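This is what each chain is made of:
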Amino acid sequence: MWHRLKWGDLVIAGAVLLAAAALAALLARQATGDGLYAEVWQAGELVERVALTDVTARTIDLDGHNVIVLDGRTATMHAADCRDQVCVRTGTLTHAGQAAVCLPNRVVVKLVGVPGEIDAIVS
């Protein structure tokens with residue numbers, strides 16, 4: 001197959017890979033911006049929204065069913081009394097858009113960027 005590829009094909013493939021790497025770097029930079037918040041939802045209602053900074057150290061206990069640990073700019077579903085433990089095995093959340101969900105207890109922990117920040121205005 002390599003004998004059929006021309007020099008121009010390799011240039012195009014390289015340009016596509018370079019553009020993909022640049023886009024990934026841009027998205028990673030935006031996801032770890034200054035305004036990072038942890039939102040804790042239970043039964044569809046917002047329980048708490050906590051700004052995550054380098055000095056954040058907080059534990060949220062939801063009636064003994066779920067324990068959420070906020071440490072620095074990370075959030076972890078530390079413990080849950082559900083049978084499958086999928087939410088605990090999700091691990092540490094570090095970027096906006098990540099979430100840990102405990103379906104049996106109807107608890108969601110998600111990281112979001114700056115709330116209310118306007119991305120664009122279209123007229």
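Predicted, not measured: the structure shown is a model, and the values here were computed from it.

Conventions adopted
Residues numbered from 1 in each chain as written. Predicted model: local features only at pLDDT ≥ 70, side-chain atom pairs only at ≥ 80, totals over all residues. Heavy atoms only, no water. Helix = DSSP H or I, 4+ residues; strand = E, 2+ residues; numbered from the N terminus. Polar contact = N/O pair within 3.5 Å; in protein donor to acceptor, adjacent residues only side chain to side chain. Pairing = 2+ DSSP bridges. Patch = residues over 30% accessible without salt bridge, like charges linked within 9 Å, V, L, I, M, F, W, Y side chains within 5 Å. Areas by Shrake-Rupley, 256 points an atom, 1.4 Å probe, with all protein chains shown as cover. Salt bridge = Lys/Arg side-chain N within 4 Å of Asp/Glu carboxyl O. Buried < 20%, exposed > 50% of the residue type's maximum accessible area, 1.4 Å probe, protein only.

(A) Molecular detail of the side chain of Thr56. Looking at the secondary structure, you find Thr56 in the loop between β2 (45–51) and β3 (57–62). A polar side-chain atom of Thr56 sits 3.3 Å from the main-chain carbonyl oxygen of Ala51. For Thr56, the side chain forms a polar contact with the main-chain nitrogen of Thr53, separated by 2.8 Å.

(B) Examining the sheet that holds strand β5 (residues 74–80) more closely. In space, the four strands of this open sheet follow the order β3-β4-β5-β6, with antiparallel pairing throughout. Looking at strand neighbours, the two that pair on one side only are β3 and β6 (92–93), the edges of this open sheet. Relative to β6, β5 is paired through two bridges, and the arrangement is antiparallel. Within β6, the residue paired with Ala75 across the bridge is Leu93.

(C) A nonpolar patch on the surface, seen in detail. On the surface, Leu23, Leu26 and Leu27 cluster together to form a nonpolar patch covering roughly 280 Å² of accessible area. Among the secondary structure elements, Leu23 is positioned in helix α1 (residues 7–31). Take Leu23: its relative accessible area is 49%, and that puts it in the partly exposed class.

(D) Structural view of the pattern of salt bridges. Considering all chains together, one arrives at two salt bridges under this definition. Across the pair Arg58 and Glu48 runs a salt bridge, and its minimum N-O distance is 2.3 Å. Here Arg58, found in strand β3, pairs with Glu48, found in strand β2; they are 10 residues apart in sequence, far enough to count as distant. Relative accessible area serves as the criterion here: at 36%, Arg58 is assigned to the partly exposed category. By relative accessible area, which is 21% here, Glu48 ends up partly exposed.

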